[in-house]
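# Observations on the three-dimensional arrangement
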Amino acid sequence: MDDEPARGHPLRKGASPGAIRSALLPEDQAGFDADYEQALTRAGASRDLTELFTVLEHWRRLAVLQSEPEVFRRVARRAAELHTGAPRPEDEPLSVTRSHTGI
């Protein structure tokens, strides 16, 4: 093991919990908080960070998708159409579209 501490931030850009949370849509921040807290608790009990890293990566990917709202809206609409087998109205609120997708 190297005795010298690493310089710079050890996580990829945007992968820190604070960066992920701030990049999410406001309606997703509570879900992130709950998942993150649960993963932290389990990591503390198990001494295994795998679940914590998995949770952070899941939410980081969603934050990246949400960084471009119109792209995210199109992705959500397409996912809802594939899931339901029916087209979604153009003016449908994003929250309604998302309720048909799981994202």
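Within every chain, residues take consecutive numbers counted from 1 along the sequence as written. For a predicted model such as this one, the threshold for reporting local features is a pLDDT of at least 70, and the threshold for listing and counting side-chain atom pairs is 80 or more; totals across whole chains, interfaces and linings nevertheless cover every residue. With hydrogens and water stripped out, all remaining heavy atoms of the structure feed into the side-chain values.

A few words now on the overall build of the chain. Only DSSP runs of H or I covering at least 4 residues are called helices, and only runs of E covering at least 2 are called strands; the numbering of each starts at the N terminus. Scanning the chain for helices and strands turns up 5 helices and 0 strands. When the helices and strands of the chain are listed from N to C terminus, the series reads α-α-α-α-α. In the chain, buried positions account for 26% of the 103 residues. By the convention used here, residues are in contact when the closest approach between their heavy atoms is within 4.5 Å. Put simply, of all contacts in the chain between residues at least 6 apart along the chain, 42% involve residues at least 24 apart. For the chain, the exposed surface amounts to about 7300 Å²; the carbon and sulfur share of it is 56%. Remark: exposure states derive from per-residue accessible area (1.4 Å probe, protein chains only) relative to the maximum for the residue type, with buried under 20%, exposed over 50%, and partly exposed in between. The Shrake-Rupley method, run with a 1.4 Å probe sphere, supplies the accessible areas, and residue values consider only the shown protein chains as cover.

Time to look at the side chain of Q29. Its place among the elements puts Q29 in helix α2 (residues 26-46). When residues no more than four places from it in sequence are discounted, the contact partners of Q29 are R21, S22 and L24.

Think of a salt bridge as a Lys or Arg side-chain nitrogen and an Asp or Glu carboxyl oxygen that are within 4 Å of each other. On inspection of all chains with the given rule, the structure shows 9 salt bridges. R73 is the partner of E70 in a salt bridge, and the nearest nitrogen-oxygen pair spans 3.9 Å. Of the two residues, E70 and R73 both sit in helix α4 (residues 69-84), 3 residues apart, roughly one turn of that helix. Residue class for R73 comes out partly exposed when judged on its relative accessible area of 27%. The shortest N-O distance in the salt bridge between R77 and E90 comes to 3.9 Å. In this pair, R77 sits in helix α4 while E90 sits in the loop between α4 and α5 (94-99), placing the two residues 13 residues apart along the sequence.

The next point concerns the nonpolar core. Side-chain atoms within 4.5 Å link the members of a nonpolar core, which is a set of buried Ala, Val, Leu, Ile, Met, Phe, Trp, Tyr and Cys residues. Membership of the largest hydrophobic core comes to 15 residues, with the highest contact counts inside it found for I20, L24, F32, L52, L56 and W59. The element contributing the most residues to this core is helix α3 (residues 50-66), with 6 residues. Among all residues touching I20, those that are not within four sequence positions of it are G14, A15, F32, L56, W59, R60 and A63.

With that out of the way, let us pick up unusual backbone geometry. Both trends apply: most residues other than glycine have a negative phi, and most peptide bonds are in trans. Despite not being glycine, R47 has its phi angle at roughly 60°, a positive value. Tracing the sequence through the fold places R47 in the loop between α2 and α3. The exposure class of R47 is exposed, given its relative accessible area of 73%.

Next up on the list: the environment of V75. Within the fold, V75 resides in helix α4. Here V75 falls in the partly exposed class, since its relative accessible area comes to 31%. Residues within four places of V75 in sequence aside, it is in contact with L65 and I103.

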